[in-house]
Amino acid sequence: VHIIAVLAMAGWWLGTGDLRVALNIAAAVLIITCPCALGLAVPAVTTAASGRLFRKGMLIKSATALERLAEIDTVVFDKTGTLTEGVPVPENSAELTGVQAACALALAQASAHPLAAALAKDLTARGIVAAALSDVREQPGCGIEGDHSGTRVRLGRADWVGATGPMPMLTATWFADGEGPPVALRFRDTLRSGALQAVSELRAAGLDVQLLSGDSSAAVAALASEAGIDTVRAGVLPAEKAAHVAALSDAGRKVLMVGDGLNDTAALAAAHVSISPASGLDAARV
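Just so it is clear, the model here is predicted, and its values are computed rather than measured.

Peer 1: Before we go on, may I ask you to explain the overall build of the protein in this structure?
Peer 2: Within the protein, the secondary structure is distributed over 13 helices and 11 strands. Its C-alpha radius of gyration of 26 Å places the protein more than 25% over the 19 Å reference for a compact globule of 286 residues. When the backbone C-alpha atoms are referred to their principal axes, the protein occupies close to 85 × 30 × 30 Å. Out of the 286 residues in the protein, the part that is buried amounts to 36%.

Peer 1: Any chance you could explain unusual backbone geometry here in plain terms?
Peer 2: Most peptide bonds take the trans configuration, and most residues that are not glycine carry a negative phi. Residues other than glycine seldom take positive phi values, yet Asp 135 does so here, at roughly 50 degrees. Its location among the elements puts Asp 135 in strand E3 (residues 134-139). Located in the positive-phi region is Ser 149, a residue other than glycine, with phi close to 55 degrees. Looking at where Ser 149 falls in the secondary structure, it is placed in the loop between strand E4 (143-148) and strand E5 (151-156).

Peer 1: Explain the side chain of Ser 93 to me, please; I cannot follow it from the model alone.
Peer 2: In this fold, Ser 93 is placed in the loop between strand E2 (89-90) and helix H6 (98-109). We classify Ser 93 as buried; its relative accessible area is 7%. One polar contact links Ser 93 to Asp 122, side chain to side chain, over a distance of 2.4 Å. Excluding its chain neighbours within four sequence positions, the residues that come into contact with Ser 93 are Leu 119, Asp 122, Leu 123, Arg 126 and Leu 185.

Peer 1: Is there a simple way to think about helix H2 (residues 19-33) in this case?
Peer 2: Given 3.6 residues per turn, any residue in an α-helix points the same way as the ones three and four places further on. A rise of 1.5 Å per residue sets the reference length of H2, with its 15 residues, at 21 Å; its end C-alpha atoms lie 21 Å apart and thus fit the reference within 8%. Turning to H2, its buried residues are Ala 22, Ala 26 and Val 29. For H2, the buried positions fall inside an angular range of 55 degrees around the axis, keeping them on one side. Residues of H2 that are exposed and point over 90 degrees away from its buried face: Arg 20 and Ile 32. Near the N-terminus of H2, the side chain that reaches the backbone nitrogen of Arg 20, with its oxygen 3.0 Å away, is that of Asp 18.

Peer 1: Would you mind showing me how to read the sheet that holds strand E1 (residues 74-77) here?
Peer 2: Within a beta sheet, neighbouring strands are joined by backbone hydrogen bonds and run either parallel or antiparallel to one another. Strand order in this open sheet of 5 strands is E9-E8-E1-E10-E11, and the pairing throughout is parallel. Each having just a single partner strand, strand E9 (231-233) and strand E11 (273-275) make up the two edges of the open sheet. Neighbour-to-neighbour, the strand axes of this sheet turn through a mean angle of 20 degrees, independent of strand direction. Inspection of the sheet shows E1 paired to strand E10 (residues 255-258) by 4 bridges, in the parallel sense. Each bridged residue has a counterpart across the sheet, and for Val 75 the counterpart in E10 is Leu 256.

Peer 1: Before we go on, may I ask you to explain the sheet that holds E2 in this structure?
Peer 2: The 6 strands lie next to each other as E2-E7-E6-E5-E4-E3, forming an open sheet whose pairing is antiparallel. The open sheet has two free edges, formed respectively by E2 and E3, since each of these has just one partner strand. For strand E6 (residues 171-176) and strand E7 (residues 183-188), the ladder comprises 5 bridges, and the chain directions are antiparallel. Following the sheet pairing, Ala 172 is matched in E7 by Arg 186. Packed onto the sheet, helix H7 (residues 114-125) meets E2, E5, E6 and E7 and runs at close to 95 degrees relative to E7.

Peer 1: Where do I start with the pairing of E7 in this structure?
Peer 2: Note on strand geometry: in a regular strand, side chains alternate between the two faces of the sheet. Across 2 bridges, the pairing between E2 and E7 is antiparallel. Within E7, the position partnered with Pro 90 by the bridge is Phe 187. Linking E6 to E7, which pair antiparallel, is a turn of 6 residues; within it Gly 178 sits at a positive phi near 80 degrees.

Peer 1: Explain the nonpolar core here, please?
Peer 2: Side chains that are nonpolar tend, in soluble globular proteins, to be buried together. Within the largest apolar cluster, 22 residues are counted, with the highest numbers of intra-cluster contacts made by Leu 96, Leu 119, Leu 155, Phe 175 and Leu 185. Sorting elements by how many residues they give to this core places H6 first, with 7 residues. In this structure Leu 185 touches Asn 92, Ser 93, Leu 96, Leu 119, Leu 155, Thr 171, Ala 172, Thr 173 and Phe 175, once residues within four positions along its chain are discounted. Core analysis: the second largest hydrophobic core is formed by 19 residues, Ala 195, Leu 223, Ala 227 and Val 273 among them.

Peer 1: What should I look at first to understand the packing of helix H1 (residues 2-16) against H2 in this one?
Peer 2: To describe two helices that pack against each other, one gives the angle between their axes and the distance between the axes. Where H1 contacts H2, the two axes come as close as 8 Å, and the packing angle between them is 155 degrees. One element, H1, and the other, H2, form an angle in the roughly antiparallel class. Here the hand of the crossing between H1 and H2 comes out right-handed. For the pair H1 and H2, contact is made by His 2, Ile 4, Ala 5, Ala 8, Met 9, Trp 12 and Trp 13 and by Leu 19, Val 21, Ala 22, Leu 23, Ile 25, Ala 26, Val 29 and Leu 30, respectively.

About the cut-offs
- Residues numbered from 1 in each chain as written.
- Predicted model: local features only at pLDDT ≥ 70, side-chain atom pairs only at ≥ 80, totals over all residues.
- Heavy atoms only, no water.
- Helix = DSSP H or I, 4+ residues; strand = E, 2+ residues; numbered from the N terminus.
- Rg over C-alpha atoms; globule rule 2.2 N^0.38 Å.
- Buried < 20%, exposed > 50% of the residue type's maximum accessible area, 1.4 Å probe, protein only.
- Polar contact = N/O pair within 3.5 Å; in protein donor to acceptor, adjacent residues only side chain to side chain.
- Contact = heavy atoms within 4.5 Å.
- Expected span 1.5 Å × (residues − 1).
- Arc of directions from axis to C-beta.
- Pairing = 2+ DSSP bridges.
- Axes fitted to C-alpha atoms, helices over the stretch in contact; angles between N-to-C directions.
- Core = buried A, V, L, I, M, F, W, Y, C linked by side-chain atoms within 4.5 Å.
- Parallel < 35°, antiparallel > 145°, perpendicular 65-115°, else oblique.
- Left-handed = near helix turned anticlockwise from the far one by under 90°.

Next comes the structure, spelled out in structure tokens:
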């Protein structure tokens, strides 16, 4: 069958001088005379490619992911834990009073957000004991709250806790206990190794690279400038991330969403294809 296909290609190439037509004729001969070979070839190639990627630490969760990945024209990144290392270091947690620190620790321990985990680790290392809170609830994209001796305490976004005024240039989460203005807890994070190269190569390949984050405008703009990303949206909620991805899809774009946390799951599901780092939450990696 292979010999017949090659002879058919050679004959049509010599007769017409058109290589594309000759290849189409050869493919037609193969399909008509031996369809099983081509039918088995595609899953065999996909399996082999998935195996090689797995050995490099990448797990393919969908049989069509590689085909869809080849079609993308837009890449949307989350910030914290995706472009950054996701290991932020608190800079001013000592500004919290004893009771505030105890409440903040209790709230942080009840959340899986990278900022909350970093704050919990820092306060625990300082010997702070978590306060006893009741009715602890987490609002995705906003923060976490609970009751302490009849007072509602919150840890999260500036607008959610009622913070006003200029926002810090660094990534921050805010603590509010209803007694005095909310306290901005600033964090320093660094770009992931290879993030600059990845963004540069994606742009060089002609892809539109965008950054979506729930962080403050100042912090997101600073990181976007460092990473070389021009299209930026800050202060977005999980539903707004998903709506942005859906709007791009409705406009005919093929979107690759890259995210790692609970706030990204809706956007990851709405994208043409999605990627989550191994350090991401289980919900994001599913």
